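Residues per chain are reported as follows:
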Amino acid sequence: MDFTDDQIHRYSRHIILPEVGGKGQERLLSSRVVIVGAGGLGCPVGYYLTAAGVGTIVMIDNDNVELSNLQRQIAHNTERVGMPKAESAKKTFQALNPDVKVIALNEKITKDNIIGLIEDCDVVVDGSDNFPTRYLVNDACVLVGKPLVSGAILRFEGQVTTIIPRQGHCYRCLFEEMPPAGLVPSCQEAGVLGALPGIIGGLQAMEVLKLIIGKGDVLQNRMLIYDALKVSFRKVKVPKNPKCPVCGENPTITELQDYEADYCRMNF
Amino acid sequence: MEQIKPDKKVDIRGLVCPYTFVRSKLAIESLELGQVLEILLDYKDATENIPKSMQDHGQKVLKVEKINDREWIIVVRKEKE
Ligand SMILES: [Zn+2]
């Protein structure tokens, strides 16, 4: 592939890295990443992947921008209140980098559409704000064999993990079933300090870039937990569970189902 | 001095750092191992920076030569992908 003069300038700080170079940049430009959620996490992940020149980014979210999102969801802005979040993110990302094709899908992820959405991508990013989606995305990625970079945030704490189906753990190896609704924080309890999604989303974006260029370690069989108040990062081991219901030796989950639960949805 | 026949030439006159190295690096990436790149340049700082960076990246710098008042050539052999 021949870079244009603009591309040589735009990606020069990638090209001069021995681990990336022109070849790594070509890989980025020809890759496709699906981001579930255009909220607190999806915004910074999509923003950085757009800046890095990931060729195609699919943003999936069925919510509209609300004023209460803007304290942390950096791809949206005041004028876009009421606009579908996926559409708002697309506008922001396209203004940043015209090399990137951003596909905005204003729809809900379900067992019926998720396989079609992820089957031709290179990496899936979970930036969703609820357990039913988190488990659905995990199960779909395991069944289709797509790498998944999963992130979650609440109050002052965030976590990131990278799931390479078959090779490493999956989300269900760690938490086999969804927590009962009563154990999930209620709306009144579920605050988030503004910059937290930027930190966790930045880590997710970095995992995606490393997966695409094929360099460095990723959080396979590991979960990174960040505590903002204590300023601490802990990396904990998450072994692959041979009895995991979806990626174990005798899986009981062999097809997708929709998980509806009475959770509070706060649009993280 | 021994004449080395380059497999590829790149003209980066008019460019400054870091684009001098960016262009040179892209050119060397396009070569096979063992092939030789000749870089023509007029930015003096790069006559030190490019050889240093090429060596850091595992390539072999065969020569740096001033060819006239304000132009140089650098010859590099690709030894690492
Ligand atoms: Zn598992």
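Now for a description of the structure that goes with this document. (Residues numbered from 1 in each chain as written. Chains lettered and ligands numbered in written order. Predicted model: local features only at pLDDT ≥ 70, side-chain atom pairs only at ≥ 80, totals over all residues. Heavy atoms only, no water.)

### Section: the coordination of the zinc ion
Angles between donor atoms at a metal ideally measure 109.5 degrees for a four-coordinate tetrahedral arrangement and either 90 or 180 degrees for a six-coordinate octahedral one.
All names here are of chain A.
Then, in step 1: Surrounding the zinc ion are the protein donor atoms C170 (SG), C173 (SG), C244 (SG) and C247 (SG), at 2.3 Å.
Then, in step 2: Summarised as a motif, the one-chain spacing of the donors to the zinc ion is C-x2-C-x70-C-x2-C. Here C170 is found in the loop between strand 6 (157-163) and helix 8 (171-174), whereas its partner C244 is found in the segment after strand 8 (232-237), with 74 residues between them in sequence. Like C170, the residue C244 is buried in the burial classification. (Donors = N, O, S within 2.8 Å, 3.2 Å for Na, K, Ca; no water. Helix = DSSP H or I, 4+ residues; strand = E, 2+ residues; numbered from the N terminus. Buried < 20%, exposed > 50% of the residue type's maximum accessible area, 1.4 Å probe, protein only.)

### Observations concerning the pattern of salt bridges
Then, in step 1: By the definition in use, this model includes 17 salt bridges over all chains.
Then, in step 2: For K111(A), the salt bridge goes to D112(A), with nearest N and O atoms at 3.3 Å.
Then, in step 3: Take K111(A): its relative accessible area is 32%, and that puts it in the partly exposed class.
Then, in step 4: Residue classification places D112(A) among the exposed positions, given a relative accessible area of 63%.
Then, in step 5: K63(B) is the salt-bridge partner of E65(B), the closest N and O atoms lying 3.2 Å from each other.
Then, in step 6: Exposure remark for E65(B): the relative accessible area of 29% places this residue in the partly exposed category.
Then, in step 7: Connected via shared salt-bridge partners are K23(A), K78(B) and E81(B). (Salt bridge = Lys/Arg side-chain N within 4 Å of Asp/Glu carboxyl O.)

### A short note on the interface of chain A and chain B
Then, in step 1: Across the boundary between the two partners, chain A contributes 13 residues, which contact 11 residues of chain B.
Then, in step 2: Taken over both partners, the interface formed by chain A and chain B buries close to 1,100 Å², and the fraction arising from carbon and sulfur atoms is 63%.
Then, in step 3: Contact with chain B buries area across many residues of chain A, yet I8(A), I16(A) and K23(A) alone supply 43% of it, more than any other trio.
Then, in step 4: Of the charged contacts in the structure, one is a salt bridge between K23(A) and E81(B), with a shortest N-O distance of 3.4 Å.
Then, in step 5: Inspection of the chain A/chain B interface yields 5 residue pairs in polar contact (both at pLDDT 80 or more).
Then, in step 6: At the level of secondary structure, the elements contributing two or more residues to the side of chain A that touches chain B comprise helix 1 (5-10), helix 2 (12-15) and helix 3 (21-29) of chain A. (Contact = heavy atoms within 4.5 Å. Buried area = accessible area lost by both parts, 1.4 Å probe. Polar contact = N/O pair within 3.5 Å; in protein donor to acceptor, adjacent residues only side chain to side chain.)

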